[in-house]
Amino acid sequence: MRFVDPLLQFETQLKIIESSFKMISGIPSLEEVKEMGDGNDDEDLQQSILNIYEDTLLILVSKDFYKLQILKEMVVWMGTDRSGLQERILVIISRVLIFAAKRVKESANVDAPCLGALAAELCLLCSHTDRSITQPASLGMYHLLCIAKRQNEFLLDVLKEDKTEVARSIGHMLLPSLLTDFVWSLLMRLAAPDRGMVKEAANMLRLTLEHYAHKVTMVSKIVELIYIKLCENSNHEMKHAMLRVITLLTRTSPKKVIFQLMDYPVPADNTLTLMWQAASSEASVALPVLTTILLILRGKPGEMQENLAERRCFSLDATNMMPVAASQTLCTLLLVPSYKKVVAQFFPQLLMALLFQLFYTCDMKLVMENKLFFARDALRVLLNCSGLQEVDTALNRKNFWDQISQVLFYHHGVYLIATTLGEHNFPQFPQTLHYLYKLSVEGPRRSEDSVITVIFLTELLNKCFKDPFPQEFLVLFRNWINDSNPAVSKLSLQKIASMAPVINQVGNVSSLLLSILDAFLSKDTTVVIRALLTLRRLLNRLDKVTYSSLCTQIASSYCLLMGHSNGGIRSMAIRHFGELVRDMSQYRRMLNTAAFRALVPLILFLEDTETRVTTACKHTLAICTSELRWSASHLLLDQSYSFELVVLSICNNLILIMKIKIDNPLFGMTESEFPTW
């Protein structure tokens, strides 16, 4: 027996049924038959044809509930039929549904995916002005829901002719996929030329979605369909109905609606603006809407996500302009009165998200060429709607808004906005400080975000706290010393250096100093130089007890840098080692080992090609020989300098020390304190 593709079989059967339907439509109405005479015979013939048509449908449905799809197509064909047979066709449809509702009780499995779309067609006919149409339509709807009940296993309420009850029964009975088809079909009907049908479709959509919008799937596709339809020449009723659907879907699926609205070209056109207004029209969705927008603002325009899962969270478009669209959207949403409370709640998050977006977009060619400065505009709106008009005005006087889009100005711009907010004692300071602390502890998504966070937090703390900062913030700056971003490391070191006058008031200062020593190992030379300068500044003020406890580790770190490839770092490390030896003159024995081990590089680099290194070596050797009471200091002076004589003098002094050690074991120098070379 040859296999027949079920889909091809169905398409063939549908074509035959459609052809038969057109033939039936061509039969004269009973009134026309009676006028021609011999009405009884013709009436019997017409009824026989309709009975055969009905029997054919019953046979098809009895074998496969999927064939109920034919009934949906019949309703559509009936809409274009002017033969006056609508009532009798509807009677056939209702009888087939009655038959199917009985058969479904005996079936273990029911596959009738067309029920949603068929329900949409029947519910419109239930509101027809002709009673002869509404009665079979209502009867058919009742039994359609009986079939849906078998699929859904819910108890069926008594279906009344009240439209609200019809909508609730449909929403209650239909499975999510079927309800989605129902909504989709009604949306398509909104484009019908019949204004009465448009009104009924809009009303049924509203009544259903007000209670069952949460069951609708494929929300993104529905939003996309609405956008396409609104871009066409839509009438007022259609536009109002579709925008209402957006509002109702946003209640239950805000994230899906928002993400879809963001995934259109920027700047947003008038249609998209209308849809945004509809999505944000209710105060109850303010929180999820703003939360979703903040999630989108975490993305970087033009950045491709590393994996498909992340890409789905943002845009499937390679350019990923969703964050730019989100910034433009905020220009509208922040001004909505019902959003005022939620905007106040999320002020810190919005402020920092927009600052990040400003940084991301200021070097984007697409943004600059098209002047898509929506992050800047949204930031101004945020300040003004948050009662910070004076801050906006002050920033304008500082020419902030005109220059902020320039890459070279940006970091200074962050400093300006932070200091200006502090100068005006903005009331959101506590929650902003708390959020910045939380953001710093959790760690921003990108290293460039860290730079902005450090600048902003530092300036707020400078305005509101005297040095040293509270311990919980000092921990942040200590951790930032060895951040992967050199700019963050240098900003942190710069701030720590400014605390030198109060360094002895800092809790656990040893941990802070050891973190600075770790920065000596950075691959970035500017970080190493900044760490050297910061440490030297702090050591100048550090109490000697703490200093002495760390001097050996500090000396070892200096020794490691004496062989650095950068001449500036070599010279600085050598010179700072000498300062360390001088500072610790009272604790000389603690530095004996480090001092002796440093002699090798100090002697070798006397012959360095860079003058600044040789000068530093002479300076440090002079300090060391002086502290060790050796008679080599005069040999390091320029007028009497001789490399060979310096080396011989140092060696002679070392031999003398070793001889004293051998002759007098009580001298106090251990074997480990002698150089190992």
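Residues numbered from 1 in each chain as written. Predicted model: local features only at pLDDT ≥ 70, side-chain atom pairs only at ≥ 80, totals over all residues. Heavy atoms only, no water.

**Q** Quick question: what am I supposed to make of the overall build of the chain here?
**A** Looking only at helices and strands, the chain has 35 helices and 0 strands in total. Within the chain, the proportion of its 677 residues that are buried is 52%. For the chain, the share of sequence-separated contacts (at least 6 apart) that also reach a separation of at least 24 residues comes to 70%. Accessible area of the chain: about 32,200 Å², with a carbon and sulfur share of 54%. (Helix = DSSP H or I, 4+ residues; strand = E, 2+ residues; numbered from the N terminus. Buried < 20%, exposed > 50% of the residue type's maximum accessible area, 1.4 Å probe, protein only. Contact = heavy atoms within 4.5 Å. Areas by Shrake-Rupley, 256 points an atom, 1.4 Å probe, with all protein chains shown as cover.)

**Q** What is the right way to read the environment of Pro 288 from this model?
**A** Tracing the chain through its elements places Pro 288 in helix α15 (residues 286-297). Placed 36 residues apart in sequence, Pro 288 and Thr 252 show a C-alpha to C-alpha distance of 9.8 Å.

**Q** It is not clear to me how the nonpolar core should be interpreted in this structure. Could you clarify?
**A** One broad rule of soluble globular proteins: the nonpolar side chains tend to lie buried together. Counting 225 residues, the largest nonpolar core has Leu 68, Leu 174, Phe 182, Leu 187, Met 275, Leu 355 and Phe 456 as its most contacted members. Apart from the residues lying within four places of it in its own chain, the contact partners of Phe 456 are Leu 351, Met 352, Leu 355, Val 414, Ile 417, Ala 418, Leu 421, Thr 432 and Leu 436. (Core = buried A, V, L, I, M, F, W, Y, C linked by side-chain atoms within 4.5 Å.)

**Q** Would you mind showing me how to read the side chain of Arg 446 here?
**A** Counting through the fold element by element, Arg 446 comes out in the loop between α25 (429-442) and α26 (447-464). Under the relative-accessibility criterion, Arg 446 is labelled buried at 8%. In this structure the side chain of Arg 446 is engaged in a polar contact, spanning 2.8 Å, whose partner is the backbone oxygen of Arg 298. Apart from the residues within four sequence positions on either side, Arg 446 is in contact with Arg 298, Gly 299, Lys 300, Glu 303 and Tyr 360. (Polar contact = N/O pair within 3.5 Å; in protein donor to acceptor, adjacent residues only side chain to side chain.)

**Q** Honestly, helix α10 (residues 195-212) in this entry has me stumped. Any pointers?
**A** For the α-helix, the turn length of 3.6 residues means that residues three or four positions removed from each other point alike. In a regular helix each residue adds 1.5 Å, so 18 residues correspond to 26 Å; α10 covers 25 Å between its end C-alpha atoms and thus fits that length. Looking at the buried residues of α10, the elements they touch are α6 (115-125), α8 (163-173), α9 (176-189) and α12 (236-252). Of the residues flanking the start of α10, the one acting as N-cap is Asp 194, its side-chain oxygen 2.9 Å from the backbone nitrogen of Gly 196. (Expected span 1.5 Å × (residues − 1).)

**Q** Is there a simple way to think about the side chain of Gln 357 in this case?
**A** Looking at where Gln 357 falls in the secondary structure, it is placed in helix α19 (residues 347-361). What makes Gln 357 buried here is its relative accessible area of 0%.

**Q** Could you clarify how one ought to interpret helix α30 (residues 525-539) in this entry?
**A** The terminal C-alpha atoms of α30, which comprises 15 residues, lie 21 Å apart, in line with the 21 Å expected from a rise of 1.5 Å per residue. For α30, the set of buried residues is Val 527, Val 528, Ala 531, Leu 532, Thr 534, Leu 535, Arg 536, Leu 538 and Leu 539. Buried residues along α30 sit against α28 (486-498), α29 (509-518), α31 (544-561) and α32 (567-583).

**Q** Could you clarify how one ought to interpret the packing of aromatic side chains in this entry?
**A** How two aromatic rings sit relative to each other is set out by the distance from centre to centre and by the angle between their planes. Summed over all chains, the structure comprises 8 aromatic pairs. Summarising the aromatic geometry, the rings of Tyr 227 and Tyr 264 are spaced 4.3 Å apart at their centres and angled 35 degrees between planes, so their arrangement reads as tilted. Linking Tyr 227 in helix α11 (residues 219-231) with Tyr 264 in the loop between α13 (254-262) and α14 (270-279), this pair joins segments that are 37 residues apart in sequence. What makes Tyr 264 buried here is its relative accessible area of 12%. Relative to Tyr 558, the ring of Phe 520 has its centre 6.1 Å away and its plane inclined at 25 degrees; by these criteria the two rings are stacked. Linking Phe 520 in the loop between α29 and α30 with Tyr 558 in helix α31, this pair joins segments that are 38 residues apart in sequence. (Phe/Tyr/Trp six-rings, centres within 6.5 Å; stacked < 30°, edge-to-face > 60°.)

**Q** What is the right way to look at the pattern of salt bridges in this model?
**A** Between side chains of opposite charge, pairing is possible as soon as their charged atoms come close. All chains considered together, the criterion is met by 16 salt bridges. Ionic pairing is found between Arg 195 and Glu 237, a salt bridge with its closest N-O pair at 2.1 Å. One end of the pair, Arg 195, is in helix α10; the other, Glu 237, is in helix α12, with 42 residues separating them in the sequence. Sharing partners across several salt bridges, the network here consists of Arg 206, Glu 210, Arg 244, Arg 251 and Glu 282. (Salt bridge = Lys/Arg side-chain N within 4 Å of Asp/Glu carboxyl O.)

**Q** Just to check I follow, could you spell out the packing of α32 against helix α34 (residues 611-627) for this structure?
**A** When two helices pack together, you describe them by how their axes are tilted relative to each other and by the distance separating the axes. The contact between α32 and α34 brings their axes to 8 Å, and the two run at 15 degrees. Classed by the angle they form, the pair α32 and α34 counts as roughly parallel. As for how α32 packs across α34, the hand of that crossing is left-handed. Here α32 contributes Gly 567, Gly 568, Arg 570, Ser 571, Ile 574, Arg 575, Phe 577, Gly 578, Glu 579, Val 581 and Arg 582 to the contact with α34, which in turn contributes Arg 612, Val 613, Thr 615, Ala 616, Cys 617, His 619, Thr 620, Ile 623, Cys 624 and Glu 627. (Axes fitted to C-alpha atoms, helices over the stretch in contact; angles between N-to-C directions. Parallel < 35°, antiparallel > 145°, perpendicular 65-115°, else oblique. Left-handed = near helix turned anticlockwise from the far one by under 90°.)

**Q** Hey, could you run me through the confidence of the model for the chain in this one?
**A** Any segment with low pLDDT has predicted coordinates that should not be analysed in fine detail. Taken residue by residue, the chain gives an average pLDDT of 82. The fraction at 70 or more is 82%. Per-element confidence in the chain ranges from a low mean pLDDT of 42 for helix α16 (residues 308-313) to a high of 96 for α30. Segment residues 153-159: pLDDT under 50, and 17 contacts once partners within four positions in sequence are set aside and those in other chains are kept. For the stretch residues 666-677, pLDDT sits under 50, and the model shows 21 contacts to residues farther than four places along the chain or on other chains. (pLDDT = per-residue confidence, 0-100.)

**Q** I would appreciate a short explanation of the environment of Pro 430 in the present structure.
**A** Relative to the assigned elements, Pro 430 resides in helix α25. For Pro 430, a relative accessible area of 55% puts it in the exposed group. For the pair formed by Pro 430 and Pro 348, sequence separation is 82 residues and the distance between their alpha carbons is 9.7 Å.

**Q** Sorry, what's going on with the environment of Leu 382 here?
**A** Along the polypeptide, Leu 382 turns up in helix α21 (residues 374-385). A sequence separation of 51 residues divides Leu 382 from Cys 331, and the C-alpha atoms of the two residues are 8.2 Å apart.

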